[in-house]
Amino acid sequence: MTATIEDIRAILKQLAQSQQELSQAQKETDKQINRVSQQIGELGNRLGEFVEWQVRPAVVRLFQERGIDVHEFHPGISVKRDNEGLEIDLLVVNDTDAILVEVKSKLTQRDVDEHLQRLSKFKRLMPRFRDVKALGAVAAMIVPNEVASYGCRQGLFVLVQSGENVIILNDAEFTPQVW
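Just so it is clear, the structure is predicted and the values come from calculations on it, not from any experiment.

Engineer: Describe the overall build of the protein, and please don't skip the residues or the numbers.
Structural biologist: Each helix and strand in the protein was counted, giving three helices and six strands. Reading the protein from its N terminus to its C terminus gives the helix and strand order α-β-β-β-α-β-α-β-β. At 26 Å, the protein has a C-alpha radius of gyration far larger than the 16 Å of a compact globule built from 179 residues. The dimensions of the protein, computed from C-alpha atoms along their principal axes, are 90 × 40 × 25 Å. Across the 179 residues of the protein, 37% fall into the buried class.

Engineer: Give a detailed account of unusual backbone geometry, specifying residues and quantitative values.
Structural biologist: With the exception of glycine, the majority of residues adopt a negative phi angle, and the majority of peptide bonds are in the trans configuration. Even without a glycine there, the phi angle at D82 is positive, about 50°. Structurally, the position occupied by D82 is in the loop between β1 (72–81) and β2 (84–93). By relative accessible area, which is 69% here, D82 ends up exposed. We note that N83 has phi near 60°; this positive angle belongs to a residue other than glycine. Looking at where N83 falls in the secondary structure, it is placed in the loop between β1 and β2.

Engineer: Describe the sheet that holds strand β6 (residues 165–168), and please don't skip the residues or the numbers.
Structural biologist: Taking strand neighbours across the sheet as the criterion, the six strands line up as β1-β2-β3-β4-β5-β6 in an open arrangement whose pairing is mixed. Here the strands that pair on one side only, and so sit at the sheet edges, are β1 and β6. For this sheet, the mean inter-axis angle between neighbouring strands, taken without regard to orientation, is 35°. Sheet analysis places β2 next to strand β3 (residues 97–106), joined by four bridges and oriented antiparallel.

Engineer: Outline the packing of aromatic side chains, listing residues and values.
Structural biologist: To describe a pair of aromatic rings, one takes the distance between the centres and the angle between the planes. The full count for this structure, using the stated rule, is three aromatic pairs. Note on F157 and F174: the rings are 5.2 Å apart at their centroids and 70° apart in plane angle, and the pair reads as edge-to-face. On the criterion of sequence distance, the pair formed by F157 in strand β5 (residues 157–162) and F174 in the segment after β6 is long-range, its members being 17 residues apart. Judged by relative accessible area, F157 falls into the buried class, the value being 3%. Taken together, the ring pairs in this structure connect F63, F157 and F174 into an aromatic cluster.

Engineer: Lay out the side chain of H115 in plain terms, naming residues and giving numbers.
Structural biologist: Topologically, H115 is positioned in helix α2 (residues 109–125). A distance of 2.9 Å separates a polar atom in the side chain of H115 from the backbone oxygen of L100. Beyond its immediate sequence surroundings of up to four residues, H115 is in contact with L100, V101, E102, G136, A137, V138 and L156.

Engineer: Account for the nonpolar core, with residues named and values stated.
Structural biologist: The tendency in soluble globular proteins is for nonpolar side chains to be buried side by side. In terms of nonpolar packing, the biggest core is built from 27 residues, with I88, L91, F122, M126 and F129 touching the most fellow members. Going through the elements one at a time, β1, β2, β3, α2, β4 (133–142), α3 (145–153) and β5 are the ones with two or more residues in this core. A total of five residues in this core trace back to one element, the largest contributor, which is α2. Among all residues touching F122, those that are not within four sequence positions of it are L86, I88, L91, A98, L100, F129 and A134. Counting 21 residues, the second largest nonpolar core, distinct from the first, contains V55, V70, V92 and L135.

Engineer: Account for the side chain of E102, naming residues and giving values.
Structural biologist: Along the chain, the position of E102 falls in strand β3. Under the relative-accessibility criterion, E102 is labelled buried at 5%. With sequence-adjacent residues up to four places away left out, E102 is seen in contact with D89, H115, R118, A137, V138 and A139.

Engineer: Kindly report on the environment of P75, identifying the contributing residues and their values.
Structural biologist: Looking at the secondary structure, you find P75 in strand β1. Relative accessible area serves as the criterion here: at 35%, P75 is assigned to the partly exposed category. Along the primary structure P75 and V92 are separated by 17 residues, whereas in three dimensions their C-alpha atoms are 8.6 Å apart.

Conventions we followed
- Residues numbered from 1 in each chain as written.
- Predicted model: local features only at pLDDT ≥ 70, side-chain atom pairs only at ≥ 80, totals over all residues.
- Heavy atoms only, no water.
- Helix = DSSP H or I, 4+ residues; strand = E, 2+ residues; numbered from the N terminus.
- Rg over C-alpha atoms; globule rule 2.2 N^0.38 Å.
- Buried < 20%, exposed > 50% of the residue type's maximum accessible area, 1.4 Å probe, protein only.
- Pairing = 2+ DSSP bridges.
- Axes fitted to C-alpha atoms, helices over the stretch in contact; angles between N-to-C directions.
- Phe/Tyr/Trp six-rings, centres within 6.5 Å; stacked < 30°, edge-to-face > 60°.
- Polar contact = N/O pair within 3.5 Å; in protein donor to acceptor, adjacent residues only side chain to side chain.
- Contact = heavy atoms within 4.5 Å.
- Core = buried A, V, L, I, M, F, W, Y, C linked by side-chain atoms within 4.5 Å.

In structure tokens, the structure reads:
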């Protein structure tokens, strides 16, 4: 059986129409994926906010129990200076100490590394704190053991959810890194 030119044109027309329908279906799928991704991102932000609200009431007390007489905290610090930025989830301070607390739902080594970078530029971007002893802390609902150990080795306080309370994982002999 031989195909005529009309048969080939009909097949090509059907193929073009199928490709157009497939392209439209792909666009719809992409829109749905973007919508779901946005909703997941919003959920992740809400979970992070939840963890932060769990940590907030405990930070001053926890550090006071460790002999650091902080008495105030400032949530959601954002600084832009010299084309560089810095965001701090919680800043816990007194006249001589500042503790930068990074809060996550699940802590990773990358989060710890990023917080170390944040600490290294803190005094440069917030010069009013240049004469204080800057310390670092990370807090999360979920902290894998290896990440907790890594954070401690880097000189950070590691705060975790324990039952209904937030606790500091570092032992009493822990000496934090000073920036």
